[in-house]
Amino acid sequence: MRHDHLITSKQLSRGDIETVLDYAAEIDDDPSAVADRHAGTLLGLLFFEPSTRTKMSFETAMKRLGGDVVDMGSVESSSVTKGETLADTVRVIEGYTDALVLRHPKQGAATMASEFVDVPLVNAGDGAGHHPTQTMLDLYTIRENAGLDDLTIGIMGDLKYGRTVHSLAYALTNFDTRQHFISPESLQLPREVVYDLHQRQDGTGIKEHDSLEDVLPSLDVLYVTRIQRERFPDENEYQKVAGEYQIDGDTLEAASDDLTVMHPLPRVDEIAPEIDETDHAAYFEQAHNGVPVRMALLDLLLSDDKGIGGGTDE
Amino acid sequence: MSNDHDHHDGNDAHELRVSKIRDGTVIDHVHGGQALNVLAILGIDGSNGEEVSVGMNVPSDRLARKDIVKVEGRELSQDEVDVLSLIAPDATINIVRDYDVVEKHRVERPDVVEGVLSCPNAGCITTGDEPVTSRFSVLEDGVRCSYCETIVRDEIAALIDT
Ligand SMILES: [Zn+2]
């Protein structure tokens, strides 16, 4: 199967994921080998929601492939404020560029947009929906640090609204993993996601918890996400749960020495700075991995001879 | 399946409630209370002059109480019949020509319904002003938006886009 768009991590098979990660590792080793691969190629960046880092990461990736980017600028200054539909915007910008990257506040935006364009479209986050390139760099980091098979991972924090968490959980079902989801009750995984995860795996690999304590010693990877104040109607409610999902040196006493701690960043106070200097910390490395991984993805999507999964299936 | 002609069982009271039609479609064995939703899902509101009769909460052998809808002068398409299955999974469709039932079939659940339901998720791209037709995949126990992936299990009738 060959994909022309990258919308959700659900569309990716184990083979697809391995193709991207292997290629990203190759690029990471020798970025100069692909420095001119896409000279003259233009990538359109359509960010209907601010995300400086994700945008910069795509921009860096494209430029390191020898290409360039055009950017629609901030939503406030664009025609969106005049009421233009997303369907129209993508059809216009498609005419200028060779591929599109879309970040949009509405769920399903990337799926819809991809139905209106012929150039490859990459979903860089659609509301509470999906963020597959984040998932790819997460998987890359996990593979580098802990391997992707026989893996026990804890995913902790705001699991309800965290699209990065949902995308990652889907992708991990392609591998031999045990996934522990740790969150306050009010921020548990949406039932839809649990339903899907059980469909994709027999369910024995999926467990939900409200406390990290029981599972921490068994984890190879702990993936922490931010619990946002604004999710709680009442500041007291927030204070009650927030502390329980923060980790510091004391918390990690009970963890394996090999535990890898990840975070999609930005963090606020979920991970104490004292962890940064330990061997556990992989979150900055994780952020840096965004560039080689996005280079690999863009190259695969932009090359006629490649495509994600192209050539690996008969 | 019993030969459930309980509305034609010779009981005049029933005959009076829902009269026979000459040409058209009889949708029988609709769960009690769903008849108006059946009309809504088919986009039938009488504004095109169709002659429609509806029987609600009629006694039935197969369902304790059932609704029945008769549409004069219109034969339902397979697509329409498929969509009906979402809210009337046990319905039987009788195509009537010259007072005779010439075809009788059960509804079947389609894999996908397009342009019939609207997504209940306010954060879904289909709820804005985009030129997009709603699309839901049909699950064993509900429907799921093909765009935002929201699953709806109950109250599917409430999503009917009228
Ligand atoms: Zn939707």
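By convention here, each chain's residues receive numbers from 1 onward along its written sequence. Here every chain gets a letter starting at A, and every ligand a number starting at 1, in the order they are written. In keeping with the model being predicted, local features are shown solely for residues with a pLDDT of at least 70 and side-chain atom pairs are shown and tallied solely at 80 or more, while totals for entire chains, interfaces and linings include all residues. Remark: hydrogens and water are excluded; side-chain values derive from all non-hydrogen atoms of the structure.

A. Highlighting the overall build of chain A. Only DSSP runs of H or I with at least four residues qualify as helices, and only runs of E with at least two residues qualify as strands; both kinds are numbered from the N terminus onward. Looking only at helices and strands, chain A has 10 helices and nine strands in total. The globule rule used here is 2.2 Å times the number of residues to the 0.38 power, and the radius of gyration it is set against is calculated over C-alpha atoms. In terms of overall size, chain A behaves like a compact globule, its C-alpha atoms giving a radius of gyration of 19 Å where 314 residues would be expected to give roughly 20 Å. With respect to the principal axes defined by its C-alpha atoms, chain A has extents near 55 × 45 × 40 Å. Every one of the 314 residues in chain A was classed for burial, and the buried ones make up 56%. If you take every contact in chain A between residues at least 6 apart in sequence, the share linking residues at least 24 apart comes to 73%. Buried, partly exposed and exposed residues are distinguished by accessible area as a fraction of the type maximum, computed with a 1.4 Å probe on protein chains only: under 20%, between the cut-offs, and over 50%, respectively. Only heavy atoms matter for contacts: two residues are in contact if any of them lie within 4.5 Å across the pair.

B. Expanded view of the sheet that holds strand β5 (residues 151–156) of chain A. All names here are of chain A. Read from one edge to the other, the open sheet built from five strands follows the order β7-β6-β5-β8-β9, with strand pairing classed as parallel. The strands lining the two open edges of the sheet, one partner per strand, are β7 (206–209) and β9 (260–262). The sheet shows a mean angle of 20 degrees between the axes of neighbouring strands, taken without regard to direction. Contacting β5, β8 (221–224) and β9, helix α5 (residues 132–145) runs over the sheet at an angle of about 165 degrees to β9. A pair of strands is treated as paired once DSSP finds two or more bridges between them. The axes are straight lines fitted to the C-alpha atoms, using for helices just the contacting stretch, and the angles between their N-to-C directions are given from 0 to 180°.

C. Up close: the coordination of the zinc ion. Residue and element names in this part refer to chain B. Each metal's donors are the N, O and S atoms within 2.8 Å of it, or within 3.2 Å when it is Na, K or Ca, and because water is not part of the set, sites may look incomplete. Surrounding the zinc ion are the protein donor atoms Cys119 (SG), Cys124 (SG), Cys145 (SG) and Cys148 (SG), at 2.3 Å. Between 85 and 135 degrees for all angles marks four donors as tetrahedral; over 155 degrees for opposite donors together with 65 to 115 for all other angles marks four donors as square planar and six as octahedral; every other arrangement is irregular. Every donor counted, the four donor atoms about the zinc ion form angles of 99 to 116 degrees at the centre, which fits tetrahedral coordination. One chain supplies every donor for the zinc ion, spaced along it as C-x4-C-x20-C-x2-C. Residue cysteine 119 is located in the loop between β6 (112–114) and β7 (135–139), and its partner cysteine 148 is located in the loop between β8 (142–145) and β9 (151–152); the two are separated by 29 residues in the primary sequence.

D. Structural view of the packing of helix α1 (residues 14–29) of chain A against helix α10 (residues 290–302) of chain A. Residue and element names in this part refer to chain A. Orientation of α1 relative to α10, taken along the N-to-C sense of each, is 120 degrees, at an axis distance of 8 Å. In terms of crossing hand, the pair formed by α1 and α10 is right-handed. Touching Thr19, Val20, Tyr23, Ala24, Ile27 and Asp28 of α1 are Pro292, Val293, Met295, Ala296, Leu297, Asp299 and Leu300, all from α10. Under the grouping applied here, Gly and all other residues not named as nonpolar or charged are polar, the nonpolar ones being Ala, Val, Leu, Ile, Met, Phe, Trp, Tyr, Cys and Pro and the charged ones Asp, Glu, Lys and Arg. Taken together, the residues that form the contact of α1 with α10 break down as 10 nonpolar, one polar and two charged. Take the far helix as your reference; a near helix turned counterclockwise from it by less than a right angle gives a left-handed crossing, and one turned clockwise gives a right-handed crossing.

E. Local environment of the packing of aromatic side chains. Residues and elements named next belong to chain A. Geometry of aromatic contacts follows a simple scheme: Phe, Tyr and Trp rings, the Trp one being its six-membered ring, pair when their centres are within 6.5 Å, and the pair is stacked under 30 degrees between planes, edge-to-face over 60, tilted otherwise. If you walk through the whole model with that rule in mind, you get two aromatic pairs over all chains. Taken together, a centroid distance of 5.3 Å and an interplanar angle of 65 degrees make the contact between tyrosine 283 and phenylalanine 284 edge-to-face. Given the relative accessible area of 0%, tyrosine 283 is considered buried. Looking at phenylalanine 284, the relative accessible area reads 41%, which means it is partly exposed. A positively charged side chain is recorded as over a ring if its NZ (Lys) or CZ (Arg) lies within 6 Å of the ring centre. The angle to the ring normal must also be within 35 degrees. For arginine 231, the ring lying beneath its charged end belongs to tyrosine 161, and the centroid distance is 3.8 Å. For the cation-ring pair, arginine 294 lies above phenylalanine 58, with the distance from its terminal atom to the ring centre recorded as 4.7 Å.

F. Inspection of the pairing of strand β4 (residues 92–97) of chain B at higher detail. Residues and elements named next belong to chain B. Burial of β4 is extensive: five of the six residues sit out of reach of the surface. As judged from the six bridges shared by β4 and strand β5 (residues 100–106), these two strands associate in the antiparallel manner. Bridge pairing in β5 links isoleucine 95 to glutamate 103. Once β4 ends, the chain turns through two residues before running back antiparallel as β5, passing aspartate 98 with a positive phi of about 50 degrees.

G. Summary view of the sheet that holds β5(B). All names here are of chain B. Spatially, β2-β3-β1-β4-β5 is the arrangement adopted by the five strands of the open sheet, whose pairing is antiparallel. If you trace the sheet from one side to the other, it starts and ends with β2 (51–59) and β5, each paired once. Strand after strand, the sheet turns through a mean of 15 degrees between neighbouring axes, direction not considered. Note that strand β1 (residues 24–31) and β4 share five bridges and pair antiparallel. Within β4, the residue paired with glycine 24 across the bridge is valine 96.

H. Region of the structure containing unusual backbone geometry. Following Leu265(A), the chain continues into Pro266(A) via a peptide bond in cis, with omega recorded as 0 degrees. With respect to the helices and strands, Pro266(A) occurs in the loop between β9 and α9 (283–288). The phi angle at Tyr99(B) is positive, at roughly 70 degrees, despite the residue not being glycine. Tracing the chain through its elements places Tyr99(B) in the loop between β4 and β5. At Glu149(B), a residue that is not glycine, the phi angle is positive and equals roughly 75 degrees. If you trace the backbone, Glu149(B) turns up in the loop between β8 and β9. A residue is classified by how much of its surface remains accessible, and Glu149(B), at 17% relative accessible area, is buried.

I. A look at the side chain of Glu270(A). Residues and elements named next belong to chain A. Residue placement: glutamate 270 occurs in the loop between β9 and α9. In this structure glutamate 270 is buried but unpaired, with arginine 226 as the nearest side chain of opposite charge at 5.0 Å. When near neighbours in sequence (up to four residues on either side) are disregarded, glutamate 270 contacts Val224, Thr225, Arg226, Tyr245, Gln246, Ile247 and His263. We count Lys and Arg on the positive side and Asp and Glu on the negative side, and we leave His and both chain ends out. Salt bridges, as used here, are contacts in which a Lys or Arg side-chain nitrogen is within 4 Å of a carboxyl oxygen on Asp or Glu.

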